[in-house]
Amino acid sequence: MSNEERTIVVPGETLVSGNDYLPGDGAYRDGKDVVAQRFGIKNISEKLVRVVPVSGTYRPRKGNTIIGVVVDITFNGWLIDFGGAQNAFLSISEVPRYINKGELRDFLDFGDAVVVKVWDVKSRSVEVSMKMRGFGKLEGGMIIKVNPNKVPRIIGKEGSMVKLLKNSLGCSITVGQNGYVWIYGKSLEDEIKTKKVIEFIVDNATSIGLTEAVEKYIHELGESDFEIIEENTDK
Amino acid sequence: MSLYKERFDGRAFDEVRPIRAEVGIIPSADGSAVFETGGTRAIAVVRGPRTLHPQHMQNPQKGILRVSYGMMPFSVWDRIRPGPSRRSEEISKVTEWALSSVVDLSEFPNTVVDVFIQIPQADAGTRVAGINAAAMALADAGIPMREMISAIAVGKVDKTLIVDVNKMEEDFSEGEGSTDIPMAFTSRRKNIALLQLDGKISTDELKKAIEMGKVACEKVLEAQVEALKKSKSKGIENE
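Residues numbered from 1 in each chain as written. Chains lettered and ligands numbered in written order. Predicted model: local features only at pLDDT ≥ 70, side-chain atom pairs only at ≥ 80, totals over all residues.

Enquirer: Just to check I follow, could you spell out the overall build of chain B for this structure?
Expert: For chain B, the count of helices and strands is 4 helices and 9 strands. In chain B, the order of α-helices and β-strands from amino to carboxyl end is β-β-β-β-α-β-α-β-β-α-β-β-α. Computed over the C-alpha atoms, the radius of gyration of chain B is 18 Å, within 12% of the 18 Å expected from 2.2 N^0.38 for a compact globule of 239 residues. Dimensions of chain B along its principal axes, counting C-alpha atoms only, are 55 × 45 × 35 Å. (Helix = DSSP H or I, 4+ residues; strand = E, 2+ residues; numbered from the N terminus. Rg over C-alpha atoms; globule rule 2.2 N^0.38 Å.)

The structure is reproduced here in structure tokens:
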């Protein structure tokens, strides 16, 4: 994060003038000027001028953790709907165990929810993998959808917010960068409570002192019995 | 001498009606905006980019834009029959063409970006209000756009050229009657993205009308930009 003041720009606005600059993501060159192509925050690092989006649909980036649902099965993999412009492809070779062709449904069936890592983003395909620790099929619990632009607030600085939620509500939480959140707890009541808190965070994402407000809100909802369940990392 | 010497609502001939613009009014949409001038109000909602169905409409080179415009039944004094009409289909199409000149969907092949425009309250100039709202909603949805787009209706009432026509002026029937010229300009290069004409006007007067519209669009653009920036100025220093 740069120390530079954050300015919001609209499409067509001149970001910077001069031939030394290079237009990056969300910017284009028009004569002498580098112009915003997207609504967002202006970001100039060295000679590269970019616009960081602040709203809109989720755009997958390499390395993101996302949650999605299997919507189609091909002969060599699965298609996963994660709420983006196109579906992601999970190849048969990117799952942790060997799968015979034609037996894909035994491992992941239509409608199964998965947490996967974005492996590659090309102009017309998104490839995902679940080979690493912490990724795999999601069983039980519930998935809620939130605005993907608010995800950083749910996670908090270095995961502080998620940690707070896990410790005080006793639910396991997996946040996908695409705005899908998986909540898994001992009982439905715990999960609903966690869901309420996450919705509270999203609704108040812009307020200052969010952590304190969340703590207070959790207290209002009633104390949980502080039992931390085992995390789902065996896959 | 023109029969229309003073405007019904006391505005100057080149004065636009009071504007209210707001972005992000519908939380469940990817982008949304409301644009109001006087008694005309337009709500625009953007959804997408998302996979386009039916599949035969998909374009593997770039995403497509699909606009749907509609007036609500209670938006005018006589009830409007809901559902598509000749007029609403026309406006959907010209709005789509106007917006297509600025949006760039080459990053999203085989997808569609849907723009829904609804008019809950009409006092002339609904298509231009719709375009203004749609431009803001598209920006709010994070759709790549080369520039913004703003629109205004210029009119000729008898022999007088006026900016931002209201319903009473549009219905003026004395002398030469009323001519309505909705137009849209892109924010950066000032290209004409929409120009329609309903009535009669001489070439010289039309040129004058376009110049008036161009000046008035600056006001519209100002309101659009302000609304967009306001919607995201809260709390960013905190992230």
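Enquirer: Looking at this model, I keep getting lost on the interface of chain B and chain A. Mind explaining?
Expert: Facing 34 residues of chain B, the contacting portion of chain A comprises 23 residues. Looking at the side of chain B that touches chain A, the elements that each hand over two or more residues are β3 (40-51), α2 (126-140) and α4 (203-233) of chain B. (Contact = placed C-beta atoms within 7 Å.)

Enquirer: What should I look at first to understand the confidence of the model for chain A in this one?
Expert: One rule of thumb: low pLDDT means the predicted coordinates there are not for detailed reading. In the predicted model, chain A carries a mean pLDDT of 87, and the fraction of residues at 70 or more is 92%. Highest mean pLDDT in chain A belongs to strand β5 (residues 33-36) of chain A (95); lowest belongs to helix α5 (residues 210-221) of chain A (85). (pLDDT = per-residue confidence, 0-100.)

Enquirer: Help me out: how do you make sense of the nonpolar core in this one?
Expert: Within soluble globular proteins, side chains that are nonpolar generally end up buried alongside one another. Ala44, Val115, Ala133, Met136, Ala137, Leu138 and Ile152 of chain B are the most contacted members of the largest nonpolar core, which totals 86 residues. When neighbours within four sequence positions are excluded, Met136 of chain B is seen to be in contact with Ala21, Val23, Ala33, Phe35, Gln224, Ala227 and Leu228 of chain B. Ranked by size, the runner-up nonpolar core spans 40 residues in total, among them Ile80, Val95, Val181 and Ile201 of chain A. (Core = buried A, V, L, I, M, F, W, Y, C linked by C-beta atoms within 7 Å. Buried ≥ 20, exposed ≤ 12 C-beta atoms within 10 Å, placed from the backbone.)

Enquirer: For this particular structure, what's the right way to read the pairing of strand β4 (residues 27-30) of chain A?
Expert: Working note: regular strand, side chains alternate between the two faces of the sheet. Residues and elements named next belong to chain A. Judged from the 4 bridges that link them, β4 and β5 form a sheet pairing that is antiparallel. Note on β5: the bridge partner recorded for Ala27 is Ala36. The antiparallel pairing of β4 with β5 creates a hairpin that spans 2 residues between the two strands, and Gly31 there sits at a positive phi of about 65°. (Pairing = 2+ DSSP bridges.)

Enquirer: Before we go on, may I ask you to explain the packing of helix α4 (residues 188-203) of chain A against α5 of chain A in this structure?
Expert: Each pair of packed helices can be described by the angle between their axes along with the distance between the axes. All names here are of chain A. Contact geometry for α4 and α5: axes closest at 10 Å, N-to-C directions at 150°. Judged by the inter-axis angle, α4 sits roughly antiparallel to α5. α5 is crossed by α4, and the crossing has right-handed handedness. Contacts between α4 and α5 involve Lys193, Lys196, Val197, Phe200 and Ile201 from the first element and Leu210, Val214, Tyr217, Ile218 and Leu221 from the second. Classifying every residue of the contact of α4 with α5 gives 8 nonpolar, no polar and 2 charged. (Axes fitted to C-alpha atoms, helices over the stretch in contact; angles between N-to-C directions. Parallel < 35°, antiparallel > 145°, perpendicular 65-115°, else oblique. Left-handed = near helix turned anticlockwise from the far one by under 90°. Nonpolar A, V, L, I, M, F, W, Y, C, P; charged D, E, K, R; others polar.)

Enquirer: I'm lost on the sheet that holds strand β6 (residues 40-45) of chain A in this one. Help?
Expert: Pairing between the strands of a sheet comes from backbone hydrogen bonds, and it takes one of two forms, parallel or antiparallel. Residue and element names in this part refer to chain A. An order of β1-β6-β7-β3 is seen for the 4 strands of this open sheet, with the pairing classed as mixed. Each having just a single partner strand, β1 (8-9) and β3 (22-23) make up the two edges of the open sheet. Here β3 pairs with strand β7 (residues 48-53) via 2 bridges, running parallel. When the sheet's bridge partners are listed, Leu22 is paired in β7 with Leu48.

Enquirer: Sorry, what's going on with unusual backbone geometry here?
Expert: Peptide bonds are trans in most cases, and residues, glycine excluded, mostly fall at negative phi. All names here are of chain B. Residue Pro49 is reached from Gly48 by a cis peptide bond, and omega for that bond is 5°. Along the chain, Pro49 turns up in strand β3. Residue His53 is joined to Pro54 through a cis peptide bond whose omega torsion reads 5°. Position of Pro54 relative to the elements: it lies in the loop between β3 and β4 (64-71). Positive phi, close to 65°, is recorded for Asn110, a residue that is not glycine. Note on placement: Asn110 falls in the loop between α1 (86-100) and β5 (111-121). In this structure Asn110 comes out as partly exposed when scored by C-beta crowding, with 19 C-beta atoms within 10 Å. Non-glycine residue Ala124 carries a positive phi angle of around 70°. Mapped onto the secondary structure, Ala124 falls in the loop between β5 and α2.

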